[in-house]
Amino acid sequence: MTSSTHRPDRTETATRRGGRGRRLLPFLALPLLTLLGGCNFVVLHPAGYVAEQQRNLVLAATGLMLLIIVPVIAFTLIFAWRYRATNEDAVYDPEWHHSTQLEVLIWTAPLMIIIALGALTWIGTHTLDPFRPLSKIDPKRDVPAGTVPLEVEAIAMDWKWLFLYPQYGIATVNELAAPVDRPIRFKITATDVMNTFYVPTLAGMVYAMPGMQTQLHAVINREGAYEGRSAHYSGAGFSNMFFKFHGLTNEGFDQWIAKAKAQGGELTQEAYLKLEEPSEAEPARFYKAYMKGLYDRIIGMCPRPDQMCVGEMVKIDAQGGASGTEAAENYKRLQYDNRLAERGVEGPGATAPASETGPHGQTQPQGMQPRPDMGNPDVRGQKSPDSQGKGSGEGQSEGGQVAPKQLNQ
């Protein structure tokens, strides 16, 4: 007697498994959707009229591009399915090579989208020019006649923000406030390296550059506390370069000004030079008064009394320059980039042989000869024993050369 064992059809088993896998796909995607729930699309939830227009521009441009992207993706999938090898009902025409109607469609649709995008971008760029004063405070209301914008002078420092209110005589660090529906005019600069001033719910980002001034006109339309930041890497403390922006009622703003005057000290020249030193995660603080002409001296790159301002330098150049003893004295007053190193408060950053500043880390850079100051900030800039007393060109490592001293070091 012979017995046989039934073996299941492998194709049927694979089909059942595939069906179960497809049914489980939506459940497998749930964890990914949960992770997206932590995202804060702050740019898509503006609280100011300028940011709202920028949001609308982004959505309009995305929609216009999707008019091409979605049909192309859809027809790619449809054609791949319709003309698959196993579909015997599809028309097979190997001699086909041209269709005027299809060519017109393929070229006309993208061309019209590009024209529309170009017009939209051109109009939006000029309408949202940060240097252009506001004509409206929201889509339905014009700026009332006689309205005086709130003046704020924003200074990017290492690694904090200083805000001056010339109309009220106060200054703040890492905290900013403005009344709702009142136009704001920002004057923006920096003390050291390039930064960007950015409050996503208020307006777009604007660069802050030392020795230069940029502007931003904006308005906040909703009360609340919003986050501002630097959106441009500027060194070791960049990740903590945040500030709070408060949208307040007129009464709330008056109370905020009174609080600053009651709790703050005075931002004297000595206090400013101390504040200029690199620091991270600075808490918000207030100053009830600040030295006269501080913002102009920051832009002129001459916050110290012994420094020459840019305006004075331009005037000397316009007169043909200086020579002799006067030129030597002027050179001393033009020292700027090494001001923090001379005071012993230089922040961690890039180093170079020309600055005679040793490495800030514990790791010896590849290709460099060992240095006695490696990892020891107390002896940075000191020469190695091998180089003591040797003239130029002596004591060089093979293939190495000492870089010339930079002009401003």
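Right, let's walk through the structure included here. Keep in mind that what you see is a predicted model, and the values were worked out from it rather than measured.

## A closer look at the overall build of the protein
1) Next: When helices and strands are tallied, the protein shows nine helices and 14 strands.
2) Next: Out of the 409 residues in the protein, the part that is buried amounts to 31%.
3) Next: Put simply, of all contacts in the protein between residues at least 6 apart along the chain, 64% involve residues at least 24 apart.
4) Next: As presented, the protein carries roughly 26,100 Å² of accessible surface, and 58% of it is formed by carbon and sulfur atoms.

## Focus on helix α3 (residues 100-127)
1) Next: In this model α3 runs 40 Å from its N-terminal to its C-terminal C-alpha over 28 residues, within 8% of the 40 Å that 1.5 Å per residue would give.
2) Next: Where α3 is concerned, the buried positions are Ile 113, Leu 117 and Gly 124.

## Describing the nonpolar core
1) Next: Phe 163, Tyr 165, Leu 176, Phe 186, Phe 197, Phe 245 and Trp 256 are the most contacted members of the largest nonpolar core, which has 38 residues in total.
2) Next: Elements with a contribution of two residues or more to this core: β3 (150-157), β4 (160-165), β6 (175-179), β7 (184-190), β9 (206-208), β10 (214-218), β12 (242-248) and α4 (250-263).
3) Next: Sequence-distant contacts of Tyr 165, that is, excluding residues within four places in its chain, are made with Leu 150, Glu 151, Val 152, Ile 170, Thr 172, Leu 176, Ala 177, Phe 253, Trp 256 and Tyr 290.
4) Next: In terms of nonpolar packing, the next biggest core, distinct from the first, is built from 16 residues, Tyr 272, Leu 275, Tyr 287 and Leu 294 among them.

## Focus on a nonpolar patch on the surface
1) Next: On the surface, a cluster of nonpolar side chains totalling about 550 Å² of accessible area is made up of Met 65, Leu 66, Ile 69, Val 70, Ile 73 and Leu 77.
2) Next: Residue placement: Met 65 occurs in helix α2 (residues 49-82).

## As for the packing of α2 against α3
1) Next: For the pair α2 and α3, the least separation of the axes is 10 Å and the interaxial angle reads 175°. In terms of axis orientation, α2 runs roughly antiparallel to α3. In this structure, α2 uses Gln 53, Leu 57, Ala 60, Ala 61, Leu 64, Met 65, Leu 67 and Ile 68 to contact α3, whose residues at the interface are Ala 109, Pro 110, Ile 113, Ala 116, Leu 117, Leu 120 and Thr 127.
2) Next: Looking at the contact of α2 with α3, its residues break down into 13 nonpolar, two polar and no charged.

The rules behind the values
- Numbering of residues starts from 1 in each chain and follows the order in which that chain's sequence is written.
- Only residues with pLDDT of 70 or above have their local features reported here, since the model is predicted, and side-chain atom pairs are shown and tallied only from 80 upward, although totals for entire chains, interfaces and linings are computed over all residues.
- To get the side-chain values, all heavy atoms of the structure are used, and hydrogens and water are removed first.
- Per the convention used, a helix needs a DSSP run of H or I reaching at least four residues, while a strand needs a run of E reaching at least two, with both numbered from the N terminus.
- Note on classification: 1.4 Å probe, protein chains only; a residue is buried when its accessible area is under 20% of the maximum for its type, exposed when over 50%, partly exposed between these limits.
- It only takes one pair of heavy atoms within 4.5 Å for two residues to be counted as in contact.
- All accessibility values rest on the Shrake-Rupley procedure with a 1.4 Å probe; residue burial counts only the protein chains present in the view.
- Here the expected span of a helix is defined as 1.5 Å times the quantity of residues minus one.
- Note on terminology: a nonpolar core comprises buried Ala, Val, Leu, Ile, Met, Phe, Trp, Tyr and Cys residues joined through side-chain atoms within 4.5 Å.
- In this analysis, a patch consists of residues with relative accessible area above 30% that form no salt bridge, clustered at 9 Å for like charges and at 5 Å for the nonpolar side chains Val, Leu, Ile, Met, Phe, Trp and Tyr.
- When a carboxyl oxygen of Asp or Glu lies within 4 Å of a side-chain nitrogen of Lys or Arg, that pair is called a salt bridge.
- Fitting a line to C-alpha atoms yields each axis, with helices limited to the stretch in contact; the angle taken between N-to-C directions then spans 0 to 180 degrees.
- Throughout, the term roughly parallel applies to angles under 35 degrees, roughly antiparallel to angles over 145, roughly perpendicular to angles from 65 to 115, and oblique to all others.
- Note that Gly is not counted as nonpolar here; it falls among the polar residues with everything else outside the nonpolar set of Ala, Val, Leu, Ile, Met, Phe, Trp, Tyr, Cys and Pro and the charged set of Asp, Glu, Lys and Arg.

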